[in-house]
Amino acid sequence: MKKEITEFLYGGDYNPDQWPEDVWENDIALMKELNVNTVTLPVFSWANLQPAEDQFNFGWLDKVMDLLLANQINVIMATPTAAQPAWMSRKYPEMLPVDAQGRRHKHGARTNFCVNSPDYRRFSGQIAAKMAERYQSYPNLILWHISNEYGTYCYCDHCAQKFREWLQKRYGSIENLNHAWYTNFWGHTLYDWEDVVPPSHISSLIPNAFGNRDGATNQSVAVDYNRFMSDSFLSCMENEMAQIRKFTPDIPITTNLMGTFKPIDYFRLSEALDYVSWDNYPSIHDPASLIAFKHDLTRGLAKGKPFLLMEQTPNQQNWQPYNTLKRPGVMRLWSYQAVAHGANSVLFFQWRQSLGACEKYHAAMVPHAGHLNTRIGRELKELGDELATLDNGLLQATNRAKVAILFDWPNWWAAEYSSGPSKDINYVRIVHNYYRAFYKQNIPVDVVSAQADLVGYDIVVAPMLYMTSADLAARIKQFVTDGGVFVTTYFSGIANENDLVITGGYPGAFRDLLGIWVEETDALSPEMRNAVVAADGQNVLSGSYDCGIICDVIHTEGAKVLATFGQDFYAGQPAVTENQYGQGRAYYVATDSEEALLDELMGSICKLVQQEPVLAVPEGVEVTRRYADGAAFTFVLNHNATETTFSLPDGEHTDALRQAPISGDITLKGRDVLIFCTQIKG
Amino acid sequence: MKKEITEFLYGGDYNPDQWPEDVWENDIALMKELNVNTVTLPVFSWANLQPAEDQFNFGWLDKVMDLLLANQINVIMATPTAAQPAWMSRKYPEMLPVDAQGRRHKHGARTNFCVNSPDYRRFSGQIAAKMAERYQSYPNLILWHISNEYGTYCYCDHCAQKFREWLQKRYGSIENLNHAWYTNFWGHTLYDWEDVVPPSHISSLIPNAFGNRDGATNQSVAVDYNRFMSDSFLSCMENEMAQIRKFTPDIPITTNLMGTFKPIDYFRLSEALDYVSWDNYPSIHDPASLIAFKHDLTRGLAKGKPFLLMEQTPNQQNWQPYNTLKRPGVMRLWSYQAVAHGANSVLFFQWRQSLGACEKYHAAMVPHAGHLNTRIGRELKELGDELATLDNGLLQATNRAKVAILFDWPNWWAAEYSSGPSKDINYVRIVHNYYRAFYKQNIPVDVVSAQADLVGYDIVVAPMLYMTSADLAARIKQFVTDGGVFVTTYFSGIANENDLVITGGYPGAFRDLLGIWVEETDALSPEMRNAVVAADGQNVLSGSYDCGIICDVIHTEGAKVLATFGQDFYAGQPAVTENQYGQGRAYYVATDSEEALLDELMGSICKLVQQEPVLAVPEGVEVTRRYADGAAFTFVLNHNATETTFSLPDGEHTDALRQAPISGDITLKGRDVLIFCTQIKG
Amino acid sequence: MKKEITEFLYGGDYNPDQWPEDVWENDIALMKELNVNTVTLPVFSWANLQPAEDQFNFGWLDKVMDLLLANQINVIMATPTAAQPAWMSRKYPEMLPVDAQGRRHKHGARTNFCVNSPDYRRFSGQIAAKMAERYQSYPNLILWHISNEYGTYCYCDHCAQKFREWLQKRYGSIENLNHAWYTNFWGHTLYDWEDVVPPSHISSLIPNAFGNRDGATNQSVAVDYNRFMSDSFLSCMENEMAQIRKFTPDIPITTNLMGTFKPIDYFRLSEALDYVSWDNYPSIHDPASLIAFKHDLTRGLAKGKPFLLMEQTPNQQNWQPYNTLKRPGVMRLWSYQAVAHGANSVLFFQWRQSLGACEKYHAAMVPHAGHLNTRIGRELKELGDELATLDNGLLQATNRAKVAILFDWPNWWAAEYSSGPSKDINYVRIVHNYYRAFYKQNIPVDVVSAQADLVGYDIVVAPMLYMTSADLAARIKQFVTDGGVFVTTYFSGIANENDLVITGGYPGAFRDLLGIWVEETDALSPEMRNAVVAADGQNVLSGSYDCGIICDVIHTEGAKVLATFGQDFYAGQPAVTENQYGQGRAYYVATDSEEALLDELMGSICKLVQQEPVLAVPEGVEVTRRYADGAAFTFVLNHNATETTFSLPDGEHTDALRQAPISGDITLKGRDVLIFCTQIKG
């Protein structure tokens, strides 16, 4: 049983080794001023902790730890393994990664190691063990944080060999591998495991073949390399975890994830974690719904349990093309958005702004000016004060949803590696489009994996579920048979888990479930558009909607036609269908449409299963709810720059930030937040 | 004397080794249903035929060949050498190519071998010989097909050495080489053949210096490397051909070309071929005239003889950015367009759609659904039935043209390597622009090489003939002296075959022929435009036309001015000229103009030499004619989506698809085709 | 004391070794026809001068030198070291550079050597010595020209070692280096000089991270590598100079620079030069003000002394995307523009147009046509005749300015390496924007280095002076204290010379001088705009101006607000400020505004310090003045295509091109030039 975290965490990454010791006392004083109760450290300090292969220098960290303990500040202790020391790269050069261009990198930057390197594994395990041994008894050590933002792929000969071993384990025989990879195509039959070559830009990955993403001459191989790399990160992380658990078996462990980060299957990586945490760095054009989606995805990685917001910036970033300031109120608003979706922390990168190197213009809690008498300083102070008063009952409170959106990394990889039908196939975009339709209506959504249990959901939405295992298809069918509503789209049910096409007519895995046959799939170039026109004799859709990118040519096999295409040789043929199947229904959307169609379709489906908004509010206002024992905490987030007004439901509610009863009509200022608590049964 | 092909070939690439044997009987049944009479195989099966250096496995292919023979299906037998087995790359790694970035590639993809590799040549010759020996006596073996879509350049040390040998043969002495390459510029004088370095991105090719194409710091070297590589492909192919001819001297041989494919001088490669064939994969924005141009180019490669359409897709492709469906009728329309321009086959890639790897979403005759009860299945059935009834007299029928358009690969390379005057210089674009002017008027055109005999043509058009040998210039002048009409454009006659400028004033090679001196050549940036304004006192041009990209500043030296520039400091100076020379005339177009100018100019010139359309038809309708002994077959192709009406000429005509007499006004549906046969004398 | 150059130089690069000897006599005749008095040679002839390691072939050059001497043509003798012979690269392959991708280049192109290569230094020193020894006594040898357009960076292991030595010298200890590079960030603490790795694309430079320029994961390292490379070019050049000075200590030495060429700190390189010269190749979209700026920058490199225009093209270039012709009059106009800004030469690349290789379509004085009876030939003749009559008193005449614009290479590098706040930060663009405001008002400007003495200037403008040494900041403050006017902008005063942030609040170095505190810096994406609105109660600015890219959020600390922002949460906060400091004033512009704001602001400031235009003229007319003993030469350049009229000031003036008195109203034709001389005192 791991130790629980018993308060809302507020603070951020702390890098005292960038500063002279005389700054540390000031750090503590300013932390106290802001009500900071937690810091993460020492994320990149390996070189400072291990100056040479046989030398360790923990003295400065001991002092910092003692100072934090004395001031009752929690520590999330990071292993510093995201950047090995320069001497290590020099002495063990095979630790450096080989990129997809075949180039062995030189020391520099960060996450610049071969994830399978035996030397790296040996040294990273060693430093993790040293730290765990040394700091195991600090009572303020609440969480371990392994390395930092894993993600660099390697294509070296050692990785090639590990890949072969991984394949042997997965496929057992070379015959199975040949079948799974369809190697008869283009004469790639393998006769020896040694014949396997990692897919790279000098073997079979095609850089930028389709715009900004990699193409591949064998998608099955490419997807397996992604799986292998995901497993490599997992075992690299577990190597450190094993060392740590020798000393602190009861301290939970996390690593910081990055939302929709394509290179790693986070559902796989998260299996090993005690806590899931992530770093939230939206670009300036990301809508609030996309941030919300990533929070819900992170909660899904945590299997519905509360998670941690490990990093965000108090103000502007530095590595975007344009690093716009967070407007007044936005930092607080987005902090509560994290909590609203299940976060039990508001942590920042970083505590004190660095004076040099590449992130010196990334905002920090203490800016270059060195004091808190700034707009952001005042906002941080207000937020810290509020969080300190938040009811700790919220810590165990969980979000609840009857709608699940399925998100699957291998499917993402496979769909976007696909050569054809269209370069504009974009998995995150379409998943977000469906998510947004629920978000706008304030209907809670869980984001779940392809392995998730679907029982208990009313609606399961799996946009572009291109790659589907037989097991997943069977579970989805059972879900519908038992009365569930399933929604999927074009480019779904096509291929099995090895990216082999499921024979017998598209969408192979779901043809009977959906009651349709997709005879052809048209790919429209950007200047080509079509329309979705609501059919007569149904009350799900009305009106006409612009569409494009993909248009399936469909024959119904039992399904009811909800809308048809408006133009081209398949005008009048089905564009949206509904099929009764067992006790449930399965919907198919055969094209990529404008937002309004999804709003209406998801709205109608929600009405059918009596899913209702958490609260009726004006546009631009987000509402979520977390449920604790006997109480519900409702979060109302006004993303508008201007004030908004809505009515509370009848009943007794308490303003959780002001600890006062509230009721009736509420007016929230632009970017303001209301959290209210309501007693409930169960 | 090679064996003739005695029927229209209908079928496609057949890859039975991708499927279990129990599918093969179904393949035959479906082929029979579609009237398929020909398959191409086994294009990429090297790894399946030669599992190890000393092992061969022909058993499965024997079975397939027997099955095809029993069912009277012709075989185009491909050597499988476009993709060597993985074990071969592993054992002989110098077989793998080095790219222009200096990177030795790893095994993967296809055409991934050094074309000059001795090991590759040895093994590819061996497998070709084995196949020829084994299958020589099959009566249904009608054609050999060497490898597949050659084209990968190599820059390895062995290629460097072969390049030096090639140069020694071409230039004899290092002094000649220094002169031809103008090495005094930038101090590149060579004193030893070993000083020669292939032009690559790490020596002197500049990637993307001018937008999307390579620049070069010495164009003469770069052009010679292209010539050398073209010759390398030729000798690599001939190495296989020599082995095959030991066993089947009377079976013709082809390889599949790709139209305007820049890396290989196809006129050079085609010299060795018994049949010229090509793969027709237009992008969705290619106009019908561009496809027609490529058919005519292929017929030009075949020196006017009928050719083969080796590959096209029955429906969508997979490797375009947007793989739009072929609209109803388009597959049939484009199939007949090939025949109309001289093809004696309609073959597809591929017979049965692959379940895995990178072309699984490329359409096939038998789709993933596994049956023919589809829109495309029905279209294929209709086409197969029609082709089976076509008069075989058409097989020997040839196209005839009095207009020749000159197309030259070394000129293409040199013009587009050129540093200056403009990055928008585009050879295929301008050649197509001139071709289109004839195409729109349904005046037949031959596309001929720089070595072609010009005697017998009324008009020779050589757009942007930048690089001109003395021999070619002399033949063109003789052609005009003898009464021919010659048309050329800006950026012509400038350089000799080594890309050395011809002295004495532009356009050096053609100054006297054209009766002009080009003093300066202005290059306009995209936002700059000028105008071509028809001159008084001539009846060739009228009106005013937008122009840009290049504007020559011209002084006439005997030529008549047909049009002048409308703006800038050379306003009023010649833009289009006509020069009487011997019994003929030579035209010069000094700029890149809008379509209408070329339509009018080529129209006027055709009238002058009494070239008339094959048939008067509405816009968007293409008409060509093939002439057999005593009969002419006229093809009318309605590229419009809507119906069209036209009148047949007087006389007796037979509808060749319906075997019925036709006359008078004809209405063709959108995308429909009419072929009629007319008895003629001679 | 170096020999003076005693006449205006007119001529260009001469490459006789590209031509047979029988052309040389014709060259001389044509030179005489054009009044050419100077040629530069033999720029790239190393391979022709040294056919093998132990062979030299000076015979042909002796003949050329004798011919030139006999015809009284000056020689600027170039060492031919910009392109080593092929045999040398082959024999000493480590002489070839390694690029930022880690690829050792092969022989080809030019400037294709490792600038630190011991072999290259040995051979380049040797050939320089041989030439100096051989031609030392030629009286027409007026100037040495080292190599050509230095600039290729190298990242080889030898350069890495030299970089470490350079760092040891600069920083003394590894501790100092760690501090200067802020290596505690991301764990980059170094314990050994061997730990230093040059910043490259396979260590820590990120190609195209921000659009078209390199990012860097440690800007301090990247800037130091640029400094080290600048010093490497300097020592490489000095190596040749030392050899030359052994034989011709009194002949001045130059190398040809390229204006705002980013890779080399030209202020550093120019320290070693006797003459500063540059090659002027504007792109077709460069405004006249940008060319003027580069001339003034070059004069700044020469510390205000006259400089040489070493290369320009008589007509079109060849390596631009679109090589537009120079319109009639433009070649002459731009030639006089060079002289107007301080050039004592009008030299061209090149004399006779090459027949082959990559610059054959670059215009030359003698074009491919081989004669001068061309538009450009006539323009060159007119110009040569005019220059021959110019008063040689002008040779010593200097430009004088009371306005200095500071330009600093390390600041340029650092500002544009910066990760944040905006990828649109562009140093040359903003410097030119401020320069243009003076240029349009014909107020002379000096462009000065960060080391320049500011005493004597009325106004010093330092746009985007991001990186500031303590010494520079002190000198600027002293300048203002003493009564000067200082103008700076957003993103100034932030970092010290190692790119470490100056603590205590932005703009650290200038906070007290400017009387402001910049609390935050907003970065606007391209679709975001704001406005600068003139404040009440001041008479410097009026109206409202569009702005974007960067907007600082400012608190005044004594400064007067001249304008405020019009929108967003900082609407009404300062956008332009003025601070009284000592006897002077300091201005801050907190955003990137449209042209009109700078015109008005600089205009107002000039009025305050009584800076007036050289001459009142219409728009598009440029006026500069050079001052000799007792005379002022005023240049009036009409950049308009149409004629313009203006009035001469009272007094006696002589038309310097026609040697005739002029006065009163003057009308200049489009692109025409007037130079008039006025007697002055002192």
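**Side note on the domain arrangement of chain A**
All names here are of chain A.
Line of reasoning, step 1. As far as domains go, chain A holds domain 1 (9–151 + 248–395), domain 2 (157–225), domain 3 (403–608) and domain 4 (621–679).
Line of reasoning, step 2. Just the C-alpha atoms count here: the centres of domain 1 and domain 2 sit 35 Å apart.
Line of reasoning, step 3. In this assembly, seven residues from domain 1 lie in contact with six residues from domain 2.
Line of reasoning, step 4. At the boundary of domain 1 with domain 2, total buried surface from both sides reaches about 570 Å², with 65% on carbon and sulfur atoms.
Line of reasoning, step 5. Area buried by domain 1 at its contact with domain 2 is led by A100, Q101 and N116, which between them contribute 67% of it.

**Some words on the sheet that holds strand β8 (residues 256–257) of chain B**
All names here are of chain B.
Line of reasoning, step 1. One open sheet accounts for three strands, arranged β8-β9-β10; its pairing is parallel. Only two strands of the sheet have a single neighbouring strand rather than two, namely β8 and β10 (308–311).
Line of reasoning, step 2. Both β8 and strand β9 (residues 277–279) contribute to a ladder of two bridges, which runs parallel. The residue of β9 that forms the bridge with L257 is W278.

**A short note on the relation of the copies chain B and chain C**
The relation between the two chain copies is a rotation about an axis coupled with a shift along that axis.
Line of reasoning, step 1. Mapping chain B onto chain C calls for a rotation angle of 120° and an axial translation of 0.0 Å; the resulting RMSD is 0.0 Å. Seen this way, the second copy is the image of the first under a three-fold rotation axis. The C-alpha atom lying nearest the rotation axis in chain B is that of B:R103; the distance is 5.4 Å.

**So, unusual backbone geometry**
Line of reasoning, step 1. Cis peptide bonds are those with omega within 30 degrees of zero, and the linkage from B:L41 to B:P42 qualifies with -10°.
Line of reasoning, step 2. Following the sequence through the fold, B:P42 ends up in the loop between β2 (38–41) and α2 (46–49).
Line of reasoning, step 3. Cis geometry is found at the peptide bond from B:F349 to B:Q350, where omega equals -10°.
Line of reasoning, step 4. Considering the arrangement of structural elements, one finds B:Q350 in the loop between β11 (345–348) and α12 (375–389).
Line of reasoning, step 5. Located in the positive-phi region is C:F491, a residue other than glycine, with phi close to 60°.
Line of reasoning, step 6. Structurally, C:F491 is set in the loop between β16 (485–489) and α16 (511–514).
Line of reasoning, step 7. For C:F491, a relative accessible area of 7% corresponds to the buried category.
Line of reasoning, step 8. Positive phi outside glycine occurs at C:D499, with the angle close to 65°.
Line of reasoning, step 9. With respect to the helices, strands and loops of the structure, C:D499 is situated in the loop between β16 and α16.
Line of reasoning, step 10. On the basis of relative accessibility, which here comes to 0%, the residue C:D499 falls in the buried class.

**Topic: the sheet that holds strand β3 (residues 74–78) of chain C**
Residues and elements named next belong to chain C.
Line of reasoning, step 1. On the basis of which strands lie adjacent, the open sheet formed by six strands has the order β7-β4-β3-β2-β1-β11 and parallel pairing. Two strands close off the open sheet at either side, each with one partner strand: β7 (253–254) and β11 (345–348).
Line of reasoning, step 2. As paired elements, strand β2 (residues 38–41) and β3 share four bridges and run parallel to each other. Considered in β3, the bridge of T38 is made with N74.

**Brief notes about the side chain of B:K360**
Line of reasoning, step 1. One can find B:K360 in the loop between β11 and α12.
Line of reasoning, step 2. Within the structure, the side chain of B:K360 is placed 3.4 Å from the side chain of A:Q219, a separation counted as a polar contact.
Line of reasoning, step 3. B:K360 has contacts with A:Q219, A:Y466, A:D499, A:V501, B:Q353, B:S354, B:L355 and B:H368, leaving out every residue within four places of it along the chain.

**Regarding the packing of helix α3 (residues 59–70) of chain B against helix α5 (residues 118–135) of chain B**
Two numbers describe a pair of packed helices, the interaxial angle and the distance between the axes.
Residues and elements named next belong to chain B.
Line of reasoning, step 1. Where α3 contacts α5, the axes come no closer than 12 Å and their chain directions differ by 45°. By the angle between their directions, the pair α3 and α5 is classed as oblique. The handedness of the crossing between α3 and α5 comes out as right-handed. On the side of α3, the interface is formed by L61, D62 and M65, while α5 contributes M131, R134 and Y135.
Line of reasoning, step 2. Counted by class, the contact of α3 with α5 contains four nonpolar, no polar and two charged residues.

**Considering the interface of chain C and chain A**
Line of reasoning, step 1. Each side of the interface is counted separately: chain C has 56 residues, and chain A has 50 residues.
Line of reasoning, step 2. Buried area between chain C and chain A, summed over both chains or domains, comes out near 4,500 Å², and the portion from carbon and sulfur atoms is 55%.
Line of reasoning, step 3. Of all residues in chain C, C:Y182, C:W186 and C:I202 bury the most surface against chain A, accounting for 17% of the area lost on that side.
Line of reasoning, step 4. Linking chain C to chain A there are six salt bridges.

**Quick notes on the packing of aromatic side chains**
Two numbers describe a pair of aromatic rings. These are the distance of the centres and the angle of the planes.
All names here are of chain C.
Line of reasoning, step 1. Taken as a whole, this structure holds 117 aromatic pairs over all chains when the rule is applied.
Line of reasoning, step 2. When the ring of Y153 is compared with that of F233, the centres are 6.3 Å apart and the planes differ by 40°; the resulting orientation is tilted. Of this pair, Y153 sits in the loop between β4 (141–145) and α6 (157–171) while F233 sits in helix α8 (residues 219–247), placing them 80 residues apart in sequence.
Line of reasoning, step 3. Since its relative accessible area comes to 15%, Y153 is described here as buried.
Line of reasoning, step 4. Look at F267 and W409: their rings are 5.8 Å apart centre to centre, the planes differ by 80°, and that puts the pair in the edge-to-face class.

**Considering the interface of chain B and chain C**
Line of reasoning, step 1. Between chain B and chain C, the contact holds 56 residues from the first and 50 residues from the second.
Line of reasoning, step 2. Our count for the contact surface shared by chain B and chain C stands at six salt bridges.
Line of reasoning, step 3. Notably, a salt bridge pairs B:D499 with C:K360, separated by 2.8 Å at the nearest N-O pair.
Line of reasoning, step 4. Our count for the chain B to chain C interface comes out at 31 residue pairs in polar contact (both at pLDDT 80 or more).
Line of reasoning, step 5. Counting residues per element, the side of chain B that touches chain C draws most heavily on strand β17 (residues 516–523) of chain B, at six residues.
Line of reasoning, step 6. Taken together, the residues of the side of chain B that touches chain C sort by class into 24 nonpolar, 20 polar and twelve charged.

**What about the state of the cysteines?**
Line of reasoning, step 1. Under the defined criterion, the tally for this structure stands at zero disulfides over all chains.
Line of reasoning, step 2. The cysteine A:C551 is free of any disulfide, with A:C547 supplying the nearest cysteine sulfur at 4.4 Å.

**Description of the environment of A:A292**
Residue and element names in this part refer to chain A.
Line of reasoning, step 1. In this structure, A292 sits in helix α10 (residues 288–301).
Line of reasoning, step 2. According to the relative accessible area criterion, A292 is buried, its value standing at 0%.
Line of reasoning, step 3. Distance in space between the C-alpha atoms of A292 and A338 is 7.7 Å, their sequence separation being 46 residues.
Line of reasoning, step 4. Excluding residues within four positions of it along the chain, A292 makes contact with Q337, H341, Y435, Y439 and E622.

**So, helix α11 (residues 330–340) of chain B**
Residue and element names in this part refer to chain B.
Line of reasoning, step 1. Along α11, eleven of the eleven residues are buried, which leaves the element largely enclosed by surrounding structure.
Line of reasoning, step 2. Every buried residue of α11 is listed here: V330, M331, R332, L333, W334, S335, Y336, Q337, A338, V339 and A340.
Line of reasoning, step 3. Backbone geometry just after α11 places G342 at a positive phi near 125°.

**Things to note about the pairing of strand β25 (residues 631–638) of chain A**
All names here are of chain A.
Line of reasoning, step 1. Taken across its eight residues, β25 has eight buried, putting it largely inside the fold.
Line of reasoning, step 2. Taking every second residue as pointing to the same face, both faces of β25 are buried, with A631, F633, F635 and L637 on one and A632, T634, V636 and N638 on the other.
Line of reasoning, step 3. Sheet analysis places strand β24 (residues 621–628) next to β25, joined by eight bridges and oriented antiparallel. If you follow V621 over to β25, its bridge partner there is N638.

**Notes on the pattern of salt bridges**
Line of reasoning, step 1. Under the counting rule described, the total for this entry stands at 114 salt bridges over all chains.
Line of reasoning, step 2. Note that A:E595 is salt-bridged to A:K440, the shortest N-O span being 2.7 Å. Of this pair, A:E595 sits in helix α17 (residues 595–608) while A:K440 sits in the loop between α14 (427–439) and β14 (445–448), placing them 155 residues apart in sequence.
Line of reasoning, step 3. Of the residues examined, A:E595 reaches a relative accessible area of 32% and is grouped as partly exposed.
Line of reasoning, step 4. Notably, a salt bridge pairs B:E271 with B:R268, separated by 3.2 Å at the nearest N-O pair.
Line of reasoning, step 5. On the accessibility criterion, B:E271 (51% relative accessible area) is exposed.
Line of reasoning, step 6. Exposure remark for B:R268: the relative accessible area of 31% places this residue in the partly exposed category.

Conventions used here
- Position numbers for residues count from 1 along each chain, tracking the sequence in the order it is written.
- Chain letters and ligand numbers both follow the written order, the letters beginning at A and the numbers at 1.
- For this predicted model, a pLDDT threshold of at least 70 governs which residues receive local features, and a threshold of 80 or more governs which side-chain atom pairs are given and counted, while totals over whole chains, interfaces and linings are taken from all residues.
- The side-chain figures draw on all heavy atoms in the structure; neither hydrogens nor water molecules are used.
- Domain borders in the structure are assigned automatically or taken from a domain database.
- Only heavy atoms enter the contact rule, under which two residues are in contact if any of them lie within 4.5 Å.
- Note on definitions: buried area is the accessible-area loss of two parts on being combined, 1.4 Å probe, summed for both.
- When DSSP locates at least two bridges between a pair of strands, those strands are taken to pair.
- Counting from the N terminus, the helices are DSSP H or I runs at least four residues long and the strands are E runs at least two residues long.
- Superposing the copies works by least squares over the C-alpha atoms of residues that have pLDDT at least 70 in both of them.
- Between buried and exposed lies partly exposed: a residue is buried under 20% and exposed over 50% of the maximum accessible area for its type, with that area taken using a 1.4 Å probe on protein chains only.
- Nitrogen and oxygen atoms within 3.5 Å of one another constitute a polar contact, given that in protein one can donate a hydrogen and the other can accept it, and given that sequence-neighbouring residues count only through two side-chain atoms.
- Think of each axis as a best-fit line through the C-alpha atoms, taken over the contacting stretch in the case of a helix, with angles from 0 to 180 degrees between the N-to-C directions.
- Angular relationships are summarised with four words: roughly parallel below 35 degrees, roughly antiparallel beyond 145, roughly perpendicular across 65 to 115, and oblique for the angles in between.
- Less than a right angle of anticlockwise turn of the near helix away from the far helix marks a crossing as left-handed, whereas a clockwise turn marks it as right-handed.
- Throughout this entry, Asp, Glu, Lys and Arg are counted as charged residues, while Ala, Val, Leu, Ile, Met, Phe, Trp, Tyr, Cys and Pro are counted as nonpolar. The remaining residues, Gly among them, count as polar.
- A carboxyl oxygen of Asp or Glu within 4 Å of a side-chain nitrogen of Lys or Arg is what we treat as a salt bridge.
- Classification of ring pairs rests on two measures: the distance between centres of Phe, Tyr or Trp rings, Trp counted by its six-membered ring, which must be within 6.5 Å, and the angle between planes, read as stacked under 30 degrees, edge-to-face over 60 and tilted in between.
- Disulfides are defined as pairs of cysteine sulfur atoms found within 2.5 Å of each other.

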